[in-house]
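A closer look at the structure
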Amino acid sequence: MGALVTLDLPADAPALTLPWIITFGPLNEDEEWEPVVCGPYERAHALALAEAVVADEELMAVVEPLQPHVTADQILGDIAASRLAAENEDLETAALDEELADYDDDHGHHHHDHDDPDHTHEAPSIEEIRAGFARIAAKLTA
């Protein structure tokens, strides 16, 4: 049997109405493979699918809402809030982030490709983001 992790939200939480994704990964530290991300789903469907998959498999499923942010500032606000919550819960998180950054610097790992011609540091406009949402919705309903 695997494990399912999700947010414990009050019944009136706005996040309950958002689309949700499931990230499946190894339950045991001995296994190394890239997680599989599925979705978007309504929350009830995401939870039911995750439960069905981990019922007889040694997997971890993380069920979480997608935040349909349309600006970099909204994303940075959520990141700042998450960081603050982590610092309040456990001061070791900051040390781990620092170690990972040092590891990446020392070993030449980067989280994005600077040589990619499609890579820019300019965020897409709100209109471009919303048009992308529409394209995704069309693909999901086709």
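Right, let's walk through the structure included here. (Residues numbered from 1 in each chain as written. Predicted model: local features only at pLDDT ≥ 70, side-chain atom pairs only at ≥ 80, totals over all residues. Heavy atoms only, no water.)

**Concerning the overall build of the chain**
Secondary structure summary: the chain contains four helices and four strands in total. Ordering the α and β elements of the chain from the N terminus gives β-β-β-α-β-α-α-α. The buried share of the chain, reckoned over its 142 residues, is 15%. For the chain, contacts bridging at least 24 residues in sequence account for 64% of all contacts bridging at least 6. Roughly 11000 Å² of accessible area belongs to the chain as shown, and the carbon and sulfur atoms make up 55% of that amount. (Helix = DSSP H or I, 4+ residues; strand = E, 2+ residues; numbered from the N terminus. Buried < 20%, exposed > 50% of the residue type's maximum accessible area, 1.4 Å probe, protein only. Contact = heavy atoms within 4.5 Å. Areas by Shrake-Rupley, 256 points an atom, 1.4 Å probe, with all protein chains shown as cover.)

**A closer look at the packing of aromatic side chains**
Applying the stated criterion across every chain, the model contains zero aromatic pairs. Residue placement shows Arg43 over the ring face of Trp20; its charged tip is 4.9 Å from the ring centre. (Phe/Tyr/Trp six-rings, centres within 6.5 Å; stacked < 30°, edge-to-face > 60°. Lys NZ or Arg CZ within 6 Å of the ring centre and 35° of its normal.)

**Considerations on helix α1 (residues 43-54)**
Taking 1.5 Å of rise per residue, the twelve residues of α1 would be expected to cover 16 Å, and the 16 Å separating its terminal C-alpha atoms lies within 8% of that figure. All buried positions along α1 are accounted for by Arg43, Ala46, Leu47, Ala50 and Val54. Buried residues in α1, looked at end-on, bunch into an arc of 95 degrees, giving them a common side. The outward face of α1, more than 90 degrees from its buried face, is lined by the exposed residues Ala44 and Ala52. Tucked into the core, α1 has its buried residues touching β1 (3-6), β2 (20-26), β3 (36-41) and β4 (59-65). (Expected span 1.5 Å × (residues − 1). Arc of directions from axis to C-beta.)

**Here we look at the sheet that holds β2**
Taken together, the four strands give an open sheet; going across it, the order is β1-β4-β2-β3, and neighbouring strands pair in mixed fashion. A strand with exactly one partner marks an edge of an open sheet, and here the two such strands are β1 and β3. Neighbour-to-neighbour, the strand axes of the sheet open up by a mean angle of 20 degrees, direction not taken into account. (Pairing = 2+ DSSP bridges. Axes fitted to C-alpha atoms, helices over the stretch in contact; angles between N-to-C directions.)

**Side note on unusual backbone geometry**
Cis geometry marks the peptide bond from Gly39 to Pro40, where omega comes out at 10 degrees. Mapped onto the elements of the fold, Pro40 is located in strand β3.

**So, the nonpolar core**
Counting ten residues, the largest nonpolar core is built from Trp20, Ile22, Phe24, Ala46, Leu47, Ala50, Val54, Leu59, Ala61 and Val63. Taken together, the elements giving at least two residues each to this core come down to β2, α1 and β4. Ranked by residue count, the leading element in this core is α1, at four residues. Setting aside residues no more than four positions away along its own chain, Val63 makes contact with Leu4, Val5, Thr6, Leu7, Trp20, Ile21, Ile22, Ala46, Leu47 and Ala50. (Core = buried A, V, L, I, M, F, W, Y, C linked by side-chain atoms within 4.5 Å.)

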